Amino acid sequence: MIWVNIIIQGILVGGLYALFAAGLSLIFGVMRLVNIAHGDLIVGVAFIAWSVVQATGLNPLLSLVIVVPVAMAIGYALQRGILNRTLGGDILPPLLVTFGLSVIIQNALLEGYTADSRKLNAGTLETASFPLLPGVDIGYLPLLQLVTAVAVIGGLQYLFYRTALGRAFRATSDDAETALLMGLDKRKVYAWAMALCFAVIAIAGVFLGIRANFDPFMGPGRLIFGFEAVIIGGLGNLWGTLVGGIILGVSQAIGAQLNPGWQVLAGHLVFLLVLAVRPRGLFPRMTG
Amino acid sequence: MSARITRATTVSRIAGVLALLLVAILFAAPWWGSTANLRLLGEFMVYVALASLWNLLAGYAGLVSVGQQAYVGLGVYIMMSVGLFLGIHPLFAVPVAGLAGIILAVPVGKLVFRLQGAYFAIGTWVVAEVFRLVAAQVTVLGGGSGISLPINVMKILGATKFWREATIFWLALALGIGALTIVYMLLRSRIGLALTAIRDSEVASSSLGINIDRIKYAVYITVAGMTAMVGSLITLQKLRISPDAAFSVNDYTAFVIFIVVIGGIGTIEGPIVGTLVYFLLREFLADLGSIYLMILGLLAIVIMLVAPKGIWGFIAQRWKISLFPTGYHVVGKE
């Protein structure tokens with residue numbers, strides 16, 4: 001029963017990794033950009049949420065009402081102001097600029113919030129749970145996390161394939177020049193995609209902050225988890241990303257059970273195994 | 001009237017003579033420099049080497065790795081292992097580290113080459129994290145908290161303080177100059193020609209019979225070996241190692257990338273100029289701590305957006321000079 005419990009808890013954590021990954025996947029799908037600062041932005045939003053909670057006394061989950069629009073505005077501005085200027089044929093500028101951003105965000109957070117680790121306090125929700133099976137308790141918070149991940153990915157999927165905005169995303173992704181002829185300014189389309197990505201980043205950041213302590217330097221680790229989920233699931237497949245996140249979560253949970261030092265390592269090794277056996281991921285939809 | 005094809009220019013000949021002179025002066029540094037000077041110059045050489053190697057990888061072969069700390073750390077740990085367990089002269093660890101880097105890069109390269117572009121970058125990072133986490137599990141090498149190089153190892157390295165410092169410095173000098181020389185020679189060879197062709201057009205170069213993947217793979221492996229050798233030197237310079245320091249993404253990737261971008265990516269001179277700028281900035285701004293790092297990051301972003309060829313790219317374009325020419329030009333006599 002102990003292993004059933006471990007696997008179920010791993011699946012629930014996988015929801016968080018899927019949230020880290022969904023934003024990456026979305027941005028890569030629309031503009032072929034891999035944002036190295038993605039993890040730092042998630043951590044940055046967790047700090048913003050912390051400040052909002054401090055100022056208003058809101059429950060962190062309710063603070064999303066403020067944090068999501070703020071994050072979306074930052075995302076839109078970041079894309080219009082900096083990232084659009086890096087996109088072109090060359091892969092170097094976006095990589096190096098987002099790498100620079102990553103270092104800047106980490107040190108700005110260190111400067112603004114010190115190296116102390118913080119936590120978002122969601123009250124009784126954090127510890128509440130119900131028994132599923134004997135010896136297997138499901139926490140409401142991890143469950144909410146997984147349900148949110150499913151909802152976010154379902155929402156993105158709907159938006160991508162059923163709405164005018166999604167059509168604009170897909171058209172610009174397929175052929176930006178022709179899309180421009182149809183009146184779609186790719187700079188604006190990209191900025192909206194980034195704003196949407198930041199909405200997902202905001203949700204991921206708040207869940208990250210409620211789940212455990214966070215500090216200014218944990219961004220790169222979150223980027224790597226998200227990235228691994230994307231690759232395991234298969235490039236360009238949002239539902240695959242959810243499966244990738246869950247596989248990563250379960251691998252880490254099993255690794256941690258075997259030896260506390262193996263938690264993160266086990267996730268990396270499963271990722272490398274997938275890369276060796278199925279380099280395009282388990283459910284690929286497009287080529288890198 | 002006769003015309004011939006040559007690589008050298010007046011500027012490059014003067015640069016060559018000055019470079020030799022500079023190497024001679026640097027070689028004598030143990031006799032004219034203080035301990036602090038030697039330390040700083042040694043660290044300078046480490047960054048010249050790492051930056052040149054990363055530049056070859058990213059600037060010429062288009063392989064943007066953010067995981068070269070994997071090989072730095074590997075070299076660090078090999079020097080420590082040789083020092084702790086073998087009791088032989090520590091300098092033997094340097095070629096061993098190079099060999100280990102090459103041997104590990106063969107399978108690792110196969111794996112990360114399955115990812116393209118930016119995903120390749122993060123894939124290399126994951127590999128470096130795996131190396132770090134594995135190193136933290138090895139208790140005889142200090143586990144997660146690290147270990148110091150025993151004093152008797154340093155006594156084997158040199159009988160007196162002077163010889164110890166001199167040997168470490170000469171090793172740094174050899175690796176710095178060696179990395180520059182190998183990059184320069186490689187770029188002047190057929191491989192350099194192939195890399196230039198690939199950079200200009202992958203499709204055209206592949207249709208002319210250049211095996212793109214094989215050349216990139218060869219460059220990746222070579223750079224890994226050299227990087228591990230630099231890592232083995234770092235153990236002698238720092239004397240204490242830990243997984244977090246040996247596999248630091250900040251020290252051995254972030255700073256290296258900033259150096260290359262600021263100095264001029266895709267030029268041989270760029271990494272040297274960038275290292276100079278980096279050390280100057282550090283000298284004046286390091287007290288600012290995290291703000292200094294933000295300035296460095298911001299500088300790299302601005303240069304990438306405004307002058308993507310960096311300081312040396314700007315100079316080379318403005319005055320049409322190249323200190324280490326890799327191309328050919330025609331010299332005619334009227």
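Residues numbered from 1 in each chain as written. Chains lettered and ligands numbered in written order. Predicted model: local features only at pLDDT ≥ 70, side-chain atom pairs only at ≥ 80, totals over all residues.

1. Observations concerning the overall build of chain B
Part 1 of the reasoning: Looking only at helices and strands, one finds 16 helices and four strands in chain B.
Part 2 of the reasoning: The C-alpha atoms of chain B give a radius of gyration of 20 Å, which matches the 20 Å a tight globule of 334 residues would have.
Part 3 of the reasoning: The dimensions of chain B, computed from C-alpha atoms along their principal axes, are 70 × 50 × 40 Å.
Part 4 of the reasoning: Among the 334 residues that make up chain B, the fraction classed as buried is 44%.
Part 5 of the reasoning: Residue pairs in contact within chain B that sit at least 24 positions apart in sequence constitute 78% of those at least 6 positions apart. (Helix = DSSP H or I, 4+ residues; strand = E, 2+ residues; numbered from the N terminus. Rg over C-alpha atoms; globule rule 2.2 N^0.38 Å. Buried ≥ 20, exposed ≤ 12 C-beta atoms within 10 Å, placed from the backbone. Contact = placed C-beta atoms within 7 Å.)

2. Some thoughts on the interface of chain A and chain B
Often the size quoted for an interface is simply the accessible area lost on bringing the parts together.
Part 1 of the reasoning: Each side of the interface is counted separately: chain A has 32 residues, and chain B has 34 residues.
Part 2 of the reasoning: Looking at the side of chain A that touches chain B, the element that brings in the most residues is helix α4 (residues 92-113) of chain A, giving 14 residues.

3. Quick word on the packing of α4 of chain A against helix α15 (residues 290-306) of chain B
Pairs of packed helices are described in terms of their axes, by the angle between the two and the distance that separates them.
Part 1 of the reasoning: The N-to-C vectors of α4 of chain A and α15 of chain B enclose an angle of 160°; their axes lie 8 Å apart at closest approach. Classed by the angle they form, the pair α4 of chain A and α15 of chain B counts as roughly antiparallel. Helix-helix and strand crossings are classified by hand; for α4 of chain A and α15 of chain B the assignment is left-handed. Contacts from P93, L96, V97, G100, L101, V103, I104, N107, A108, L110 and E111 of chain A of α4 of chain A reach α15 of chain B at S290, I291, L293, M294, G297, L298, A300, I301, M304 and L305 of chain B.
Part 2 of the reasoning: Residues that form the contact of α4 of chain A with α15 of chain B fall into these classes: 16 nonpolar, four polar and one charged. (Axes fitted to C-alpha atoms, helices over the stretch in contact; angles between N-to-C directions. Parallel < 35°, antiparallel > 145°, perpendicular 65-115°, else oblique. Left-handed = near helix turned anticlockwise from the far one by under 90°. Nonpolar A, V, L, I, M, F, W, Y, C, P; charged D, E, K, R; others polar.)

4. Quick look at the nonpolar core
All names here are of chain A.
Part 1 of the reasoning: One finds L19, A46 and A193 to be the most contacted residues of the largest nonpolar core, which totals 194 residues.
Part 2 of the reasoning: Ranked by residue count, the leading element in this core is helix α8 (residues 186-211), at 19 residues.
Part 3 of the reasoning: Residue contacts for L19: discarding those within four places in its chain leaves A149, V152, V200, I203, A204 and F207. (Core = buried A, V, L, I, M, F, W, Y, C linked by C-beta atoms within 7 Å.)

5. Section: unusual backbone geometry
All names here are of chain A.
Part 1 of the reasoning: For R32, which is not a glycine, the phi torsion comes out positive at approximately 55°.
Part 2 of the reasoning: In this structure, R32 sits in the loop between α1 (2-31) and α2 (38-56).
Part 3 of the reasoning: By C-beta crowding, R32 is classed as partly exposed, having 14 other C-beta atoms within 10 Å.

6. Re the confidence of the model for chain A
Part 1 of the reasoning: Here chain A averages 91 in pLDDT, while 99% of its residues score no lower than 70.
Part 2 of the reasoning: Of all secondary-structure elements in chain A, the lowest mean pLDDT belongs to helix α7 (residues 176-181) of chain A, at 84, while α2 of chain A reaches the highest, 96. (pLDDT = per-residue confidence, 0-100.)

7. Section: helix α9 (residues 219-233) of chain A
All names here are of chain A.
Part 1 of the reasoning: Taking 1.5 Å per residue as the helical rise, α9 with its 15 residues ought to reach 21 Å, and the 21 Å between its terminal C-alpha atoms agrees with that figure.
Part 2 of the reasoning: Counted residue by residue, α9 has 14 buried out of 15 residues, so it is predominantly covered.
Part 3 of the reasoning: Just beyond α9, the residue with positive phi is G234, at close to 115°. (Expected span 1.5 Å × (residues − 1).)

8. Details of the environment of S117 of chain A
All names here are of chain A.
Part 1 of the reasoning: For S117, the position within the fold is in the loop between α4 and β1 (129-133).
Part 2 of the reasoning: Residue class for S117 comes out partly exposed when judged on the 13 C-beta atoms lying within 10 Å of it.
Part 3 of the reasoning: Taking the C-alpha atoms as reference points, S117 and G135, separated by 18 residues in sequence, lie 32 Å from one another.
Part 4 of the reasoning: Those residues within four positions of S117 in sequence are excluded, and the remaining contacts are N213, F214 and D215.

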